[in-house]
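Below, each chain spelled out in residue letters.
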Amino acid sequence: MLIFRRSLLSLVEIRFRFTPLLLIGIVGQVVADNLRTSVAYGLLPLSMGFVVIWLYLNRKVSGLRFVLAGTAINLIAIVISGGRMPVLLSTVHLLHLEVAPNTGPRHSFATMHSWWWLGDWIPIPPFIMSPGDILVGIGLSRFALTESQTRASYQHESNSK
C-alpha cells in the first residue's frame, strides 16, 4: 500500500455484512489457540466455519472470493486431519525448523498422505504455507489495493466531511 500510495485508514470505512459472524469466528480461533484440551479440535473448525460463512456473505467485495477459497481449503485440510492443520514434516526438516512438542492445538506434523497438498507444505522461509494461505494472501492484497483510496483523495474527502 505504501508503494501505490494508498490509505490504510480508508479500509476502515468499508461496510461489511453480518460482521458478528466474523467476530465470533475470530474469538473462537483465539480461544481454540489457548485451549490445551480436545475441545480445541472441534472449536477451530467451527470458528473457521463462521469465518467462511461471513466471507461467502461478503464475497462481492473485491478480493474476498480469493480469501474465501483459501480459507475454505484450509478448513477442509483441518477437518480431514481431525481438527488440526497438517504441516508436512519433510518441509519442516528442509527449513531446519524445530519440531516443538508445544506447537499448540492448531497444527499437527504429518507425513505424506492422500490430502497432504491441502496442508502447510510450501516453504517460504521462515514460514511453511499452504495453498489456502497463498490464496488468502492474494485475496487480502487485492482487497487492500482495490478497496483502498489513494492517500491524497482520502485525506481530501476526510477534510471535507
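All of these numbers come straight from a predicted model, not from anything done at the bench. (Residues numbered from 1 in each chain as written. Predicted model: local features only at pLDDT ≥ 70, side-chain atom pairs only at ≥ 80, totals over all residues. Heavy atoms only, no water.)

When you look at the packing of helix H2 (residues 39–57) against helix H3 (residues 64–80) in this model, what are you seeing that I'm missing?
The interhelical angle for the contact between H2 and H3, taken along N-to-C directions, is 160°, at an axis separation of 9 Å. Judged on the interaxial angle alone, H3 and H2 are roughly antiparallel. Like other packed secondary-structure pairs, H2 and H3 cross with a definite hand, here left-handed. Contacts between H2 and H3 pair Leu44, Pro45, Met48, Gly49, Val51, Val52, Trp54, Leu55 and Tyr56 from the former with Leu64, Val67, Leu68, Thr71, Ala72, Asn74, Leu75, Ile78 and Val79 from the latter. Of the residues assigned to the contact of H2 with H3, the class counts are 15 nonpolar, three polar and no charged. (Axes fitted to C-alpha atoms, helices over the stretch in contact; angles between N-to-C directions. Helix = DSSP H or I, 4+ residues; strand = E, 2+ residues; numbered from the N terminus. Parallel < 35°, antiparallel > 145°, perpendicular 65-115°, else oblique. Left-handed = near helix turned anticlockwise from the far one by under 90°. Contact = heavy atoms within 4.5 Å. Nonpolar A, V, L, I, M, F, W, Y, C, P; charged D, E, K, R; others polar.)

Looking at this structure, how should I read the packing of aromatic side chains?
Aromatic rings considered in pairs are described by the distance between their centres and by the relative angle of their planes. In total, this model carries two aromatic pairs according to the counting rule given. Among the aromatic residues, those joined into a cluster by ring pairs are Phe16, Trp54 and Phe143. Arg59 extends its terminal NZ or CZ atom over the ring of Tyr56, reaching a point 4.0 Å from the ring centre. (Phe/Tyr/Trp six-rings, centres within 6.5 Å; stacked < 30°, edge-to-face > 60°. Lys NZ or Arg CZ within 6 Å of the ring centre and 35° of its normal.)

What is the right way to look at the confidence of the model for the protein in this model?
Regions with low pLDDT carry predicted coordinates that are not meant to be interpreted in detail. On average, residues of the protein score 83 in pLDDT, and 84% of them are at 70 or above. Here helix H6 (residues 151–160) stands out as the least confident element of the protein, with mean pLDDT 54; H3 is the most confident, with 95. (pLDDT = per-residue confidence, 0-100.)

Honestly, H3 in this entry has me stumped. Any pointers?
With 17 residues, H3 should reach 24 Å at 1.5 Å per residue; the first-to-last C-alpha distance of 24 Å fits that figure. Within H3, burial applies to Leu64, Val67, Leu68, Gly70, Thr71, Asn74, Leu75, Ala77 and Ile78. Contact partners of the buried residues in H3: H2, strand S1 (85–88) and helix H5 (131–147). Two residues or fewer after H3 comes Gly82, characterised by a positive phi angle close to 80°. (Expected span 1.5 Å × (residues − 1). Buried < 20%, exposed > 50% of the residue type's maximum accessible area, 1.4 Å probe, protein only.)

Help me out: how do you make sense of the environment of Ser7 in this one?
By secondary structure assignment, the location of Ser7 is in the segment before helix H1 (19–34). The class for Ser7 is buried, based on a relative accessible area of 7%. Ser7 sits 137 residues away from Ala144 along the chain, and the two C-alpha atoms are 9.2 Å apart.

Teacher, can you tell me more about a nonpolar patch on the surface here?
Taken together, the side chains of Phe66, Ile124, Ile134 and Ile138 make up a nonpolar region of the molecular surface, amounting to roughly 290 Å² of accessible area. Tracing the backbone shows Ile124 in strand S3 (residues 122–124). (Patch = residues over 30% accessible without salt bridge, like charges linked within 9 Å, V, L, I, M, F, W, Y side chains within 5 Å. Areas by Shrake-Rupley, 256 points an atom, 1.4 Å probe, with all protein chains shown as cover. Salt bridge = Lys/Arg side-chain N within 4 Å of Asp/Glu carboxyl O.)

Help me out: how do you make sense of H5 in this one?
Because each turn of an α-helix spans 3.6 residues, side chains separated by three or four positions end up pointing in the same direction. For H5, spanning 17 residues, the distance from its first C-alpha to its last is 24 Å, which sits close to the expected 24 Å at 1.5 Å a residue. By the burial criterion, the buried members of H5 are Gly132, Val136, Gly139, Phe143 and Ala144. Considered in projection along H5, the buried side chains sweep an arc of 130° and stay on one side of the axis. (Arc of directions from axis to C-beta.)

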